[in-house]
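Architecture at a glance
Letter by letter, the chains look like this.
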Amino acid sequence: MKADMGELYSDVVGQNKVIAALEAAAVRPVHAYLFVGPPGTGKAAAATSFAAALLCPATPPDGTCETCRRVLAGIHPDVINIEREGSAISIDTAREVIALAATSPLEGERKILVLHDFHLVQAAGPALLKTIEEPPASTIFIILAEHVPSELITIASRCVRVDFDPLTPAQVTAALEAEGIESGRAVELAAASDGRLDRARLLATDPDFEARRAAWRAIPSRLDGTGATAAVLADELLGLLDSSVEPLRTRQNAGRAALEERNAKAAEITGKGGGRAGGRAAKAMLNAGVGELEDRQKREVRRQRTDELRAGLATLAAAYRDRLLESSPVVANATRQRRAALRSVAHIEKLGRDLIYNPVELLQLQALLTRLDREAIQA
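Below you will find a few notes about this structure.

Here we come to the nonpolar core. Counting 30 residues, the largest nonpolar core has Tyr-9, Leu-22, Phe-35, Phe-50, Ile-112 and Ile-142 as the members making the most contacts within it. At the level of elements, α1 (6-9), α2 (16-25), β1 (32-36), α3 (43-55), α4 (66-72), β3 (111-115) and β4 (139-145) are the ones that each hand at least two residues to this core. Setting aside its immediate chain neighbours within four residues, Leu-22 contacts Tyr-9, Phe-35, Ala-46, Phe-50 and Val-162. Counting 23 residues, the second-largest nonpolar core is a separate cluster that includes Leu-34, Ile-89, Leu-115 and Ile-132.

What follows is the structure in structure tokens.
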């Protein structure tokens, strides 16, 4: 009888074909997989579950054993997540990947390297090609990318590609309703999350997200042609970005508490062996996975701020588009107003595209609002 794999892929929604393919792939895996799809489609969650299936000692993978639980909790030493440090994957990161791929697994017969944001591989791609194409037999790559740019085409050709479809608002709504969220609020959260289930779930715990959306929508009417006002608004928006992280931090604190509780129980059991060796092992057990968890949580905070800024920019762009619809052709300066609104939308969309390359949020917001203010004056 086939084991229920829902434990492993329970957080991957709307990707039934992907789950079926990964279940089959876990039986006889190859050296590299490329997961391609927009943000929020479950690539990272699927990668974690697939890694657990690849390391699970049970056949078929059960999703509930100690190995699976540690992989799913992000604390297994043979599942290594590689994240970029800057705006793109650097040569130094590529060298780190090559070195890690060459080392032996610490516990079992396999080691999984999960490479994030590989659509930003850029100049580091050629350095990684040989390692990804012919890694040691014990190493399996899971590569995550939003799309396949030209720099990734050759590497992609060496991988089994798994495509993740965008989630529809209806799918996000249904998932939220299944988790107990009232239908009307689920629809609202799905719309606010731009089809990203992970973000919709986070917003469901955030009582202030509507107030933030209202603040972004009000920007066009608050700009008055003075640089001072633009600076004040930029500071306000930055403060909203700061506060938007609090629901995530609450969830992270719960995750850290759960890890510490598991470690304490394991340390207690280990320490019962007595002696100096048992004491050292118990002490090491208390801190197991803490550093990795802290690093992952820092990355989550950075991504949350970027997600929130993108969401705010989308709301701001929608406010200017509404002005296009509201402008009357009989008004003398309607043409100038429409052109100014179109230019404003273009400025906003450009910043949305450039966010990944320039992490200085305050300067970005100040520059954007100054441009929008200038457009309002010219109109």
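So, next bit.
Another point: unusual backbone geometry. The step from Thr-59 to Pro-60 runs through a cis peptide bond, and the omega angle for that step is -5°. Mapped onto the elements of the fold, Pro-60 is located in the loop between α3 and α4. The backbone phi angle of Asp-117 is positive, close to 55°, even though this residue is not glycine. Turning to its location among the elements, Asp-117 is positioned in the loop between β3 and α6 (125-133). A residue is classified by how much of its surface remains accessible, and Asp-117, at 15% relative accessible area, is buried. Phi angles above zero are rare outside glycine, and Gln-122 is one such case at about 45°. Considering the arrangement of structural elements, one finds Gln-122 in the loop between β3 and α6. Since its relative accessible area comes to 33%, Gln-122 is described here as partly exposed.

This paragraph deals with empty space enclosed by the protein. Applying the stated rule across the entire model yields one cavity of 30 Å³ or more. Of the pockets and cavities examined, the largest cavity occupies roughly 40 Å³. Ile-82, Glu-83, Arg-84, Ile-89, Thr-93, Val-97, Leu-115, His-116, Phe-118 and Leu-128 together form the lining of the largest cavity.

Across all of its chains, the model carries three aromatic pairs by this definition. Geometrically, the ring pair formed by Tyr-33 and Phe-50 is edge-to-face, given 5.0 Å between the ring centres and 85° between the ring planes. Within this pair, whereas Tyr-33 is found in strand β1, its partner Phe-50 is found in helix α3, the two being separated by 17 residues in sequence. Ring plane angle 40° and centroid distance 6.4 Å describe the contact between Phe-35 and Phe-50, whose orientation is recorded as tilted. Here Phe-35 is found in strand β1, whereas its partner Phe-50 is found in helix α3, with 15 residues between them in sequence. No difference in accessibility class separates Phe-35 from Phe-50, as the two residues are buried.

What counts, and at which threshold
Residues numbered from 1 in each chain as written. Predicted model: local features only at pLDDT ≥ 70, side-chain atom pairs only at ≥ 80, totals over all residues. Heavy atoms only, no water. Core = buried A, V, L, I, M, F, W, Y, C linked by side-chain atoms within 4.5 Å. Buried < 20%, exposed > 50% of the residue type's maximum accessible area, 1.4 Å probe, protein only. Helix = DSSP H or I, 4+ residues; strand = E, 2+ residues; numbered from the N terminus. Contact = heavy atoms within 4.5 Å. 1 Å grid on protein atoms, 1.4 Å probe; cavity = no way out; pocket = protein on both sides within 12 Å on 5 of 7 lines; lining within 4 Å. Points joined across faces, edges and corners; volume = space filled by probe spheres on them. Phe/Tyr/Trp six-rings, centres within 6.5 Å; stacked < 30°, edge-to-face > 60°.

Purely spatial values, then, with no claim about function.
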